[in-house]
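# Close look at the chain arrangement
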Amino acid sequence: ELDAQWAAAWMRDAAVSLSDNRQRLIDLDRAIGDADHGENMDRGFSAIVEKLDADGVPATPSDVFKTAAMTLMSKVGGAAGPLYGTAFLRGAAAVAGKDALTADDVAAFLAAARDGIVSRGKAEPGDKTMVDAFSPAVEAAQTAASAEASGPEALDAAANAAEAGLAGTEPLIARKGRASYLGERSAGHLDPGAASTALILKAAARAAG
Ligand code: ADP
Ligand code: MG
Ligand code: MG
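Scope of this entry: the structure provided in the associated data block. Here the structure is a predicted model, which is why all the values come from computation and not from measurement.

Basis of the calculations
- Residues numbered from 1 in each chain as written.
- Chains lettered and ligands numbered in written order.
- Predicted model: local features only at pLDDT ≥ 70, side-chain atom pairs only at ≥ 80, totals over all residues.
- Heavy atoms only, no water.
- Donors = N, O, S within 2.8 Å, 3.2 Å for Na, K, Ca; no water.
- Helix = DSSP H or I, 4+ residues; strand = E, 2+ residues; numbered from the N terminus.
- Buried < 20%, exposed > 50% of the residue type's maximum accessible area, 1.4 Å probe, protein only.
- Contact = heavy atoms within 4.5 Å.
- Salt bridge = Lys/Arg side-chain N within 4 Å of Asp/Glu carboxyl O.
- Expected span 1.5 Å × (residues − 1).
- Polar contact = N/O pair within 3.5 Å; in protein donor to acceptor, adjacent residues only side chain to side chain.
- Patch = residues over 30% accessible without salt bridge, like charges linked within 9 Å, V, L, I, M, F, W, Y side chains within 5 Å.
- Areas by Shrake-Rupley, 256 points an atom, 1.4 Å probe, with all protein chains shown as cover.

Only Asp29 (OD), Asp34 (OD) and Asp36 (OD) from the protein coordinate the magnesium ion (ligand 2), and they sit 2.0 to 2.2 Å from it. For the magnesium ion (ligand 2), the donor residues sit on a single chain with the sequence spacing D-x4-D-x1-D. The distance between the magnesium ion (ligand 2) and the magnesium ion (ligand 3) comes to 3.5 Å, with aspartate 34 serving as a donor to both metals.

What follows is the structure, given as structure tokens:
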């Protein structure tokens, strides 16, 4: 069941995964940015876990996502903190008051989160950003929900689509964020933010299973 316990387990699983992949994300960001994405994400999700440990698990998934949003906004500088913060805040609003998320709720959560990233960062699909992992995830969750999939199945489909979206960032030329300063030299590398999005959505699916 995609309840508050799942949402908290998601945050914990994401924190472990981002910590395990800290160096990989740093290396991806070194190639086309400033080599801090692994550190930023590890710090942010560790802080979310500390907050959940200190305050206990909130009543609903939406409350967990609000805690995540506030923590990411206050603890993570750079581009990713405000972008992920906005994603979780908008996602939280989309599922406010629900005790457990259906596949439709998963799709609504992801769509609102993606729209938050886009309204904040103005990136379009193909600009070589986290949007290129998030947008296919939204579409996959919507397709799964239309096909009467369960919530966990929708998450699984979303996570797989995010991974495929990440792979698709490699040939792209960055048009937003620091990597855009490199112009054509940004091609031939995976986008670090798309990589962290894939890790975070994989964690969501794992926590559900
Ligand atoms: P910074 O670039 O400030 O050091 P991070 O390294 O933590 O921040 O995050 C970089 C990632 O943020 C990029 O790989 C990209 O996915 C994402 N990003 C940057 N700018 C934007 C934007 N305008 N819209 C969406 N995502 C963006
Ligand atoms: Mg960086
Ligand atoms: Mg930075």
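Among the secondary structure elements, threonine 67 is positioned in helix α4 (residues 61–75). A residue is classified by how much of its surface remains accessible, and threonine 67, at 18% relative accessible area, is buried. Not counting residues within four places of it along the chain, the set of residues in contact with threonine 67 comprises Lys51 and Pro58.

All right, on to the coordination of the magnesium ion (ligand 3) then. The magnesium ion (ligand 3) binds to the protein through Asp34 (OD) and Asp36 (OD), with metal-donor distances spanning 2.1 to 2.2 Å. Residue aspartate 34 is classed as partly exposed on the basis of its relative accessible area of 32%. Of the residues examined, aspartate 36 reaches a relative accessible area of 22% and is grouped as partly exposed.

All chains considered together, the criterion is met by 10 salt bridges. Two residues, aspartate 27 and arginine 30, come together in a salt bridge whose shortest N-O distance is 2.9 Å. Within this pair, aspartate 27 and its partner arginine 30 are both found in helix α2 (residues 22–32), separated by three residues, close to a single helical turn. In this structure, aspartate 63 and lysine 66 form a salt bridge, with 3.7 Å as the shortest nitrogen-oxygen distance. You can see aspartate 63 and its partner lysine 66 sitting in helix α4, three residues apart, about one turn around the helix. Overall, aspartate 63 belongs to the partly exposed group, its relative accessible area being 26%.

On to helix α9 (residues 192–208), then. Here α9 is 17 residues long and its end C-alpha atoms lie 25 Å apart, about the 24 Å a rise of 1.5 Å per residue gives. Burial analysis of α9 places 13 of its 17 residues in the buried class, the great majority of the element. Between the side-chain oxygen at the start of α9 and the backbone nitrogen of glycine 193 there is a gap of 3.2 Å, and the oxygen is on aspartate 191.

Now for a nonpolar patch on the surface. On the surface, Met70, Met73 and Leu89 cluster together to form a nonpolar patch covering roughly 240 Å² of accessible area. Tracing the backbone through its elements, the reader meets leucine 89 in helix α5 (residues 80–94).

Geometric descriptors of this kind do not, in isolation, establish any biological role.
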